[in-house]
Each structure stands twice: as C-alpha cells, then as structure tokens.
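Structural features, examined
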Amino acid sequence: MCGIIGYIGDKKAAPILMDALKRLEYRGYDSAGISTINKNNILVEKDIGKLEEIKEKREKEKNINFEKIEGNVGISHCRWATHGSVTKENAHPHTDCKNMISIVHNGIIENFSALKEKLIQKGHKFKSSTDTEVIAHLIEDNYNGDIEEATRKALKQIEGSYALGIICSKEPNKLIAARNESPLILGLGDKENFIASDVHAILKYTNKVVYLENNEIATLEKNNYSVKNVNGKIINKKINEINWSPELAEKSGYEHFMLKEIHEQPRAITETLNNRIENGNINLKEELDLNDEELKKINRIIIVACGTSWHAALAGEFMLEELAKIPVEVEYGSEFRYRNPIINENTLIIAISQSGETADTLAAIREAKKRNAKVLSIVNVKGSSIDRESDSVLYTYAGPEIGVASTKAFTAQLVVLYLFTLFMGNLKKSLKKEKITDLIEKLRKLPLQMESLLSEENDIKKIADIYKDKTNSLFLGRGVNFPIALEGALKLKEVSYLHAEGYPAAEMKHGPIALIDKNMPVVFIATKDDYTYKKVLGNIHEVKARNGIVIAIATEGDEEVGKLADYVVYIPKTLYILSSILTAIPLQLLAYYVAVDRNLDPDKPRNLSKSVVVE
Ligand code: F6R
C-alpha cells in the first residue's frame, strides 16, 4: 500500500524524508510527495511517477527538487492509489483550506463521502478526489489551537483504516502520528524522532522503535514523544531494539533488490535454521507459546495465507501430512472468514505472512480467534500486526524483503514449515528418531546446495531469452512441486506481465494441452522421485509431440530429461520433500531475467504493492 515517513529534529528534514522514502517505495510508486514547515508556512511538493522519474523530470525542468525543500519537520509519502486516480492533485500530502495542516495517509476512509458532503456544506473547498483530503479538512474543522486534540476529535468521526502523519504550521515543533489497522512505527533517535510505515526504512537513523497499536495517537517532538488513546489517556509504550542491519535494506551492488534477495537465500535459510537444531532434533519449544500437551492434542491444521505465502502453505500441507501425519487444509485468507470454518479445540490455525500486515490474513486470524482456535504464525517482520495478534510465532529470518515479488521469504517459509513438521512428527511419534536425523541432515545441506544452484545463473539468463516474443507460459509440477509450479507462474506474471498458469502436470491433459503449440514455453518441474517422475516424463513427451518448448528443472545427473527437454536446469540431489526449496530458485531467476529482458523494473511491478493492507 502507501508508504509514510515523518521527521522532526535538528537536521534539515527533506533529505532524510526522501532517503527513507526510497526504501519504502515498494509499498507504492504511482506518485510521491513531501511537506515541511518553514517559517511557519506549510510547503508541499508532489508529483506523479516513481521517485527517480520525478527527480529526473524536475531536474530537467529546473524545478525545485524534493530534497531542497526547507524545514526541520516534515512528512513524505509514496502512493498506491485506492481512492482517486493517479494525478498530481491526488498525490499526498493533502492540505486543508487554510494551508495550515498537511497530512499523509495509508489506508481507506470508508465514510469519506458522507464526511466530505458535510464539510462541503460547511464551506470547505476540496482539491482532490481522495478519501485522505477529508481528514485534513476534518482536523481543520476541529482545530482550536491544539493539533493533537483536533486530530483526536477528527479521528472519532472517521471509519476505516489509517496510518497518518500530520504537521501543522501553527505548531511547528510537533509531528503527529495515528494508527488504525494500517502499520505505523515511531523511531526514536538522538535529538530527532521519526515515523515510518516499515522499520527498515529508518534503520539507518535509529534501531529504537515503538509500535503504535490501533486507535493510538502519538505526538513527537525533537526530544520527546507521547502516545495516547483517542480519549487522551497516556499509554506507556515499550521501546523495541531492532537487530536487522541497515545494509540489509540496501542493494549492495545488485541491480535490483529482487536479484539481491534471490542471492540472499542461502544466508536466509542458514539464519532460519540457527539455534533450531539441537542434539539431532528440532527444538522449537522455547519459541512456541503452546505447551506439549496442547500441541499433542492437535488433530487438524488449517493454514491461511495469501499469494506466495499461500503457495508455501500448499507445500506445508504436503510436508505435514506426509511426515507428521496430521490432516491439513489450506485456505486463502480472504475466503476463510466468509465461510463457516469448522474449528474445534484440537484445530490449530497456522497463518503465513512475510509482511505480517496482509489484511486478508489478519482478518482470517481474527475470525479463527473468535472461534477459540489457537493461532500459530510464520512471519518475517517482527512486531507486525500478525506477529502481535497470534498466540505463537515462528519467525523466518530472511531479513527485510524489499523487492515486491517475494523470493527469500518464500523459501524461508518452506524451511520453517519443514522444521515445524519434524517437530510435530517427533512430538506425535509419527516420525522415528533415525528418520528425523536423516531429514535434518539433508536439511542442513540446503544452504550450500542453494549456492551451487545460484552459480548456474547464466544458464537461466539464456533460457529467459526465449520469452522475448512469447505471450504465455505453462508451469507444471506434481506433489510437493505443484505449489512451486504455481509460484513460478505467479513470479513470471508479476514481474514480466506475461500470462502464465501453474497446474499439476497430470491436469494438462484435462484442458491446458489445447494451448500447446510452437509458441508455448512449458516449464516442467521434473525432479527424480519415487512417486510421479515417470508420469511427468510422459507429460513432457506429450508437449514435445505438439511442438511446445520444454524447459525442465531436473535432478543433477538425469540424462533422460536432458535428452527430452529443449532446456534443462539441474538442481542438486536432495530429499523429494526438500526439492521444492531448491526448484523455486531457478523459477525466481527465470522471472527476474524475463522482466529485465523486457526492460521492466522487477522491483516495482505495475499495480502491485508489497504489503496489501486493504481487504
Ligand atoms: C508475490 C507476493 C504476494 C504476497 C501476498 C501475501 O510475490 O509477494 O503474493 O505473497 O501479498 O503477502 P504476505 O506474505 O506479506 O502476507
């Protein structure tokens, strides 16, 4: 969704606001803007386009640069349009009639039409068609010399979700922040304070953060801050120290975050395994806030997630049923709460989310909790809403994921699901000790195997060339690799805008085979296993017989697939169940290089946002 940064301190606000905003651009990049207070005047600069495009355009026109705007307090915003099309007028910040209040907003104001009508009747003049501008006028309407109080009064009339940054020309030593359903944190520095939608945007400046909860309003000054509820009651907040290094949020020489994050997977997996393997067994006891008795009783698991995390859930279903012998269902977060899910005291809900802020997944968790289910989440961002609202959390230690298309978080999710599977298998005695030892041994090899796979990158770059004049692609896989086929298709769609579909390989003959001709690249995940390998070879023959182009992901040393396919990428030998963690990587690289070949920016695919905080 949109990204928000706010600054108050001794330094010039604009360069800091713009620097931090760059790190939030994955949240929205159709327009951007900044507002500061200089000599008791509100200054606003905004435009449409990505930050770099805006900068270039303005430099060409010898217009003012966002970074040059004066003032020691300010707010900035990058937008992912919801209400109102992509125009300069609709870009944030938005101001009131008197240009006294300037605000940035992430979220959706549901009753904005009714509020707008009332404000127009009172004589307020609107400049944009956004829901956000209503808030600026509403605060103006309630202003009586105290911006914090006016904000509180305004928010009492608002229905919907918001993260807000507010400045007022009459009180230039204050920066106001407020939150309901959309994420917002405070960053506490030395003689300076910040607000941000995401922690990594301000890690360069401070690692001390306070998480705002729903219906909380913060007033930040240069040297202090306070947090109150909507009724003005002071709330004592915990200060959290974040241990992510700021470098993790930079590109470190890679052309795009997506490529950097694909290459970070061996490290992400190593960190995700750290301290979780002990004496030949999986130890999650200290992390799980559920005791052994509660866990042993679980006889059914429902996994809820969206998008890529939903694909991880499907692989998790396979792992948990195959090894821990627990029945699993997988649900889209968005669908779960609109059905009547059957849940009892022995049902465990697992929610998977990289950002920990996905509104659909969060809504599913709340629904499950209403029905007294225990919720265990697999989350990458500590302190996120899903982290805080779950009964128990297992983190993926992938580090900040900035590329909009999820890569390293996905494989880290698969690893956590595998760890949980072995842990439960041991607890419920569905896995023998010797089997667990073997499963762990193979798991430990993954980071090194990933590294060797990543060194084959150039082969994948060449395969990407064949997509130059193509418009469609099929991705086929079976068993634990069927979710990877879905994920491969999603990655290609997202970053290259090619149409792609994922199917279980055997389903091809039930319809998709009609699409096959010489222009159809078909990606087969055809790794060697005792289950369906032979059948997949049969499917490859079927595609070749219809002149389709076959790209195979195969197990090293497999000459049979090598002879059949037009292009092959080999993955190192591993257990069937772990192969999905490796097969995902060539498909991520394929999507990346197809996007780059088509001159697209894989870090900022059109219409998408990293963190989908609206339902
Ligand atoms: C795809 C992608 C999305 C997310 C989905 C859920 O590359 O990133 O499909 O997976 O929006 O996001 P999280 O995992 O943050 O809940």
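A quick note: this is a predicted structure, and the numbers were derived from the prediction, not measured. (Residues numbered from 1 in each chain as written. Predicted model: local features only at pLDDT ≥ 70, side-chain atom pairs only at ≥ 80, totals over all residues. Heavy atoms only, no water.)

With that settled, consider the overall build of the chain. From N to C terminus, the chain includes 19 helices and 26 strands. For a compact globule of 615 residues, the expected C-alpha radius of gyration is about 25 Å, and the chain comes in at 25 Å, within 12% of that figure. Taken across its 615 residues, the chain has 62% of its residues classed as buried. At a minimum sequence separation of 6, the contacts of the chain that also span at least 24 residues come to 72%. Positive and negative charge centroids in the chain, built from 83 and 87 side chains respectively, lie 1 Å apart. (Helix = DSSP H or I, 4+ residues; strand = E, 2+ residues; numbered from the N terminus. Rg over C-alpha atoms; globule rule 2.2 N^0.38 Å. Buried < 20%, exposed > 50% of the residue type's maximum accessible area, 1.4 Å probe, protein only. Contact = heavy atoms within 4.5 Å. Lys, Arg positive; Asp, Glu negative; His and termini not counted. Charge placed at Lys NZ, Arg CZ, Asp CG, Glu CD.)

Here we come to empty space enclosed by the protein. Within the structure shown, the criterion is met by six cavities of 30 Å³ or more. Every residue lining the largest cavity is counted, 25 residues in all, and those nearest its centre are Ser197, Asp198, Val199, Ser355 and Val381. The residue inventory of the lining of the largest cavity, partitioned by class, reads 10 nonpolar, seven polar and eight charged. Here the second largest cavity is characterised by a volume of approximately 90 Å³. Lining the second largest cavity are Met18, Lys22, Leu51, Glu52, Ile54, Lys55, Arg58, Asn65, Phe66 and Glu67. Listed by contribution, the elements that provide at least two residues to the lining of the second largest cavity are helix H1 (13-22) and helix H2 (51-60). Broken down by element, the residue count for the lining of the second largest cavity peaks at five residues, all from H2. Split by residue class, the lining of the second largest cavity holds four nonpolar, one polar and five charged. (1 Å grid on protein atoms, 1.4 Å probe; cavity = no way out; pocket = protein on both sides within 12 Å on 5 of 7 lines; lining within 4 Å. Points joined across faces, edges and corners; volume = space filled by probe spheres on them. Nonpolar A, V, L, I, M, F, W, Y, C, P; charged D, E, K, R; others polar.)

Examined against the element boundaries, Ala312 turns out to sit in helix H9 (residues 307-324). Judged by relative accessible area, Ala312 falls into the buried class, the value being 0%. Spatially, the C-alpha atoms of Ala312 and Ala409 are 9.8 Å apart, while their sequence positions differ by 97 residues. Residue contacts for Ala312: discarding those within four places in its chain leaves Ile352, Phe410, Gln413, Leu414 and Leu417.

A word on the domain arrangement of the chain. In terms of domain boundaries, the chain breaks down into domain 1 (3-253), domain 2 (259-444) and domain 3 (455-597). Between the C-alpha centres of domain 1 and domain 2 there is a distance of 34 Å. With both chains or domains summed, domain 1 and domain 2 bury close to 1400 Å², and 56% of this area falls on carbon and sulfur atoms. Put simply, domain 1 and domain 2 have two salt bridges between them. Between Glu213 and Arg388 there is a salt bridge, with its nearest N and O atoms 2.7 Å apart. Taken together, domain 1 and domain 2 are joined by four residue pairs in polar contact (both at pLDDT 80 or more). Its residues assigned to classes, the side of domain 1 that touches domain 2 comprises eight nonpolar, three polar and six charged. (Domains from an automatic or database assignment. Buried area = accessible area lost by both parts, 1.4 Å probe. Salt bridge = Lys/Arg side-chain N within 4 Å of Asp/Glu carboxyl O. Polar contact = N/O pair within 3.5 Å; in protein donor to acceptor, adjacent residues only side chain to side chain.)

Burial analysis of strand E19 (residues 347-353) places seven of its seven residues in the buried class, which makes it a mostly covered element. Along E19, one buried face is formed by Thr347, Ile349, Ala351 and Ser353 and the opposite face, lined by Leu348, Ile350 and Ile352, is buried too. Between the parallel elements E19 and strand E20 (residues 374-379), the chain passes through helix H11 (residues 359-370) in a crossover that is right-handed. (Right-handed = clockwise from strand over helix to strand, strands pointing away.)

Glancing now at the state of the cysteines. This structure, assessed with the given rule, holds zero disulfides. In this structure Cys2 is not part of a disulfide, and its nearest cysteine sulfur, from Cys78, lies 7.2 Å away. Here Cys168 stays free of any disulfide, with the sulfur of Cys97 as its closest cysteine sulfur at 14 Å. (Disulfide = S-S within 2.5 Å.)

Take the packing of helix H3 (residues 112-121) against helix H4 (residues 132-142) next. It is at 10 Å that the axes of H3 and H4 come closest, and there the two elements cross at 45 degrees. In terms of axis orientation, H3 runs oblique to H4. For the pair H3 and H4, the crossing hand works out as left-handed. The segment H3 lies against H4, with Phe112, Leu115, Lys116 and Leu119 engaging Val134, His137, Leu138 and Asp141. Broken down by class, the residue content of the contact of H3 with H4 amounts to five nonpolar, one polar and two charged. (Axes fitted to C-alpha atoms, helices over the stretch in contact; angles between N-to-C directions. Parallel < 35°, antiparallel > 145°, perpendicular 65-115°, else oblique. Left-handed = near helix turned anticlockwise from the far one by under 90°.)

Now for the sheet that holds strand E11 (residues 208-211). Strand pairs in the sheet, formed through backbone hydrogen bonds, run parallel or antiparallel to each other. Strands sit in the order E3-E2-E4-E1-E10-E9-E11-E14 across an open sheet of eight strands; the sheet is antiparallel. Of all strands in the sheet, those bounded by a partner on one side alone are strand E3 (41-48) and strand E14 (240-241). With six bridges connecting them, strand E2 (residues 31-38) and strand E4 (residues 73-79) associate as antiparallel partners. From the neighbouring strand, Gly33 faces E4, where its bridge partner is His77. In the packing of H1 onto the sheet, contacts are made with strand E1 (3-9), E2, E4 and strand E10 (192-196), and the angle to E4 comes to roughly 25 degrees. (Pairing = 2+ DSSP bridges.)

Pairing in this open sheet of five strands is parallel, and the strands run E23-E22-E24-E25-E26 from one edge to the other. Both outer strands of the open sheet, strand E23 (499-504) and strand E26 (567-571), are each paired with one neighbouring strand and no more. Neighbour to neighbour, the strand axes of the sheet diverge by 15 degrees on average, direction disregarded. In this structure, strand E22 (residues 472-477) lies alongside E23, joined through six bridges in parallel fashion. The residue bridging Gly477 from the neighbouring strand is Pro504, located in E23.

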